[in-house]
Amino acid sequence: RTLAADVSELLAQLGHERVGVIGHDWGGAVAFYLAYDQRALVERLMILDMVPGLIKAGDAFPLEFALKINHVFFHGGNPDWAAMLVSQNVDAYLRRFLTTLDFNYRPNVFSEDEIAEYVRVNSIPGSIRAGFQWYAAGLREDAVNLANATEKLTIPVAAYGGASFLGDIRAYWQAVAEQVEGEAVAECGHFIPEEQPGFVIDAARRFFAPLRARG
């Protein structure tokens, strides 16, 4: 939610009064709070393979969902400990997310050059720990925020999950928004923009067309 406030201020500095927003993974959670807290700003919201928040404070994690996102608890339970362990072999750790069928429909979505760049930036001192703090915030602060987010979004929301990872995520978004469309994207895992870029481009052009038409 702090990051959503940062995005709101950035948009204000750039002079944008109304926007359409796309968010993937944690960017989807940031986009949700941006739309929730700044209702006069966000006109349409498109989400790629993410839920509004990991869990509402006081609720129990469904076992199937918890097993699918098991890395969340490793990263966020004790970020410093997790960062110390992962920093011993950043390359091997990131390859689990970028090259295995745990998260991808195809194991060759990312090139070796792209993987090397992920490894480079995540090897910068403090980078892994900072990334893991997202998960800590998601398990602690955002769980409370989501429990208190009792007023549904009224803007159109398009929610797409990769069929090989989160699948059809519309039910998660229907809990927080009145107008939800979307589907599970076939032959696709978590990284929808990389695995199915044509689908994302076409869906975005269609969904945001009313904003473009209005100018």
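Check the entry above for the structure.
Residues numbered from 1 in each chain as written. Predicted model: local features only at pLDDT ≥ 70, side-chain atom pairs only at ≥ 80, totals over all residues. Heavy atoms only, no water.

## Quick look at the overall build of the protein chain
Consideration 1: From N to C terminus, the protein chain includes 13 helices and 4 strands.
Consideration 2: Taking 17 Å as the expected radius of gyration for a compact globule of 215 residues, we find that the protein chain reaches 17 Å, a close match to that expectation.
Consideration 3: Its C-alpha atoms give the protein chain principal-axis dimensions of roughly 50 × 40 × 35 Å.
Consideration 4: The burial tally for the protein chain puts 45% of its 215 residues in the buried class.
Consideration 5: In the protein chain, the proportion of contacts linking residues at least 24 apart, taken out of those at least 6 apart, comes to 67%. (Helix = DSSP H or I, 4+ residues; strand = E, 2+ residues; numbered from the N terminus. Rg over C-alpha atoms; globule rule 2.2 N^0.38 Å. Buried < 20%, exposed > 50% of the residue type's maximum accessible area, 1.4 Å probe, protein only. Contact = heavy atoms within 4.5 Å.)

## Digging into the nonpolar core
Consideration 1: Membership of the largest hydrophobic core comes to 53 residues, with the highest contact counts inside it found for Phe32, Val42, Leu45, Leu153, Val157 and Trp173.
Consideration 2: With 9 residues, helix H2 (residues 26–37) is the largest single contributor of residues to this core.
Consideration 3: If we skip the residues at most four places from it in the chain, valine 157 touches Leu45, Trp173, Ala177, Gln179, Val180, Glu181 and Phe207.
Consideration 4: Core analysis: the next-biggest nonpolar cluster, separate from the first, contains 13 residues, Tyr160, Val185, Ile192 and Val200 among them. (Core = buried A, V, L, I, M, F, W, Y, C linked by side-chain atoms within 4.5 Å.)

## With respect to the pattern of salt bridges
Consideration 1: Enumeration over the complete set of coordinates arrives at 11 salt bridges.
Consideration 2: For arginine 129, the salt bridge goes to aspartate 80, with nearest N and O atoms at 2.3 Å. On the criterion of sequence distance, the pair formed by arginine 129 in helix H8 (residues 127–139) and aspartate 80 in helix H5 (residues 79–86) is long-range, its members being 49 residues apart.
Consideration 3: Since its relative accessible area comes to 41%, arginine 129 is described here as partly exposed.
Consideration 4: Take aspartate 80: its relative accessible area is 42%, and that puts it in the partly exposed class.
Consideration 5: Ionic contacts of the salt-bridge type, sharing partners, join the residues Asp91, Arg95 and Glu112 into one network. (Salt bridge = Lys/Arg side-chain N within 4 Å of Asp/Glu carboxyl O.)

## With respect to unusual backbone geometry
Consideration 1: The residue aspartate 25 is not glycine, and still its phi comes out positive at about 55°.
Consideration 2: Inspection of the secondary structure puts aspartate 25 in the loop between strand S1 (19–24) and H2.
Consideration 3: On the basis of relative accessible area, aspartate 25 is assigned to the partly exposed category, the value being 21%.

## A few points about a nonpolar patch on the surface
Consideration 1: A grouping of Phe74, Trp81, Met84 and Leu85 is seen on the molecular surface, where their side chains present a nonpolar patch of about 380 Å² in accessible area.
Consideration 2: The biggest single contributor to the nonpolar patch is H5, with 3 residues.
Consideration 3: As for its position among the elements, leucine 85 is in helix H5.
Consideration 4: When its relative accessible area of 36% is taken as the criterion, leucine 85 is described as partly exposed. (Patch = residues over 30% accessible without salt bridge, like charges linked within 9 Å, V, L, I, M, F, W, Y side chains within 5 Å. Areas by Shrake-Rupley, 256 points an atom, 1.4 Å probe, with all protein chains shown as cover.)

## So, helix H4 (residues 70–77)
Working note: α-helix, 3.6 residues per turn, so residues spaced by three or four point in the same direction.
Consideration 1: Every buried residue belonging to H4 is among His71, Val72, His75 and Gly76, and all of these are buried. End-on, the buried residues of H4 take up no more than an arc of 110°, which puts them together on one face. (Arc of directions from axis to C-beta.)

## Focus: the sheet that holds S1
Consideration 1: With parallel pairing, 4 strands are arranged side by side in an open sheet as S1-S2-S3-S4. Each having just a single partner strand, S1 and strand S4 (177–185) make up the two edges of the open sheet. Neighbour-to-neighbour, the strand axes of the sheet open up by a mean angle of 15°, direction not taken into account.
Consideration 2: Two strands pair when backbone bridges link them, and S1 and strand S2 (residues 42–48) are joined in this way by 6 bridges, in the parallel orientation. By the bridge assignment for S2, isoleucine 22 is matched with methionine 46.
Consideration 3: Its contacts with the sheet place helix H12 (residues 197–207) against S1, S2, strand S3 (153–162) and S4, and it is angled at close to 160° to S2. (Pairing = 2+ DSSP bridges. Axes fitted to C-alpha atoms, helices over the stretch in contact; angles between N-to-C directions.)

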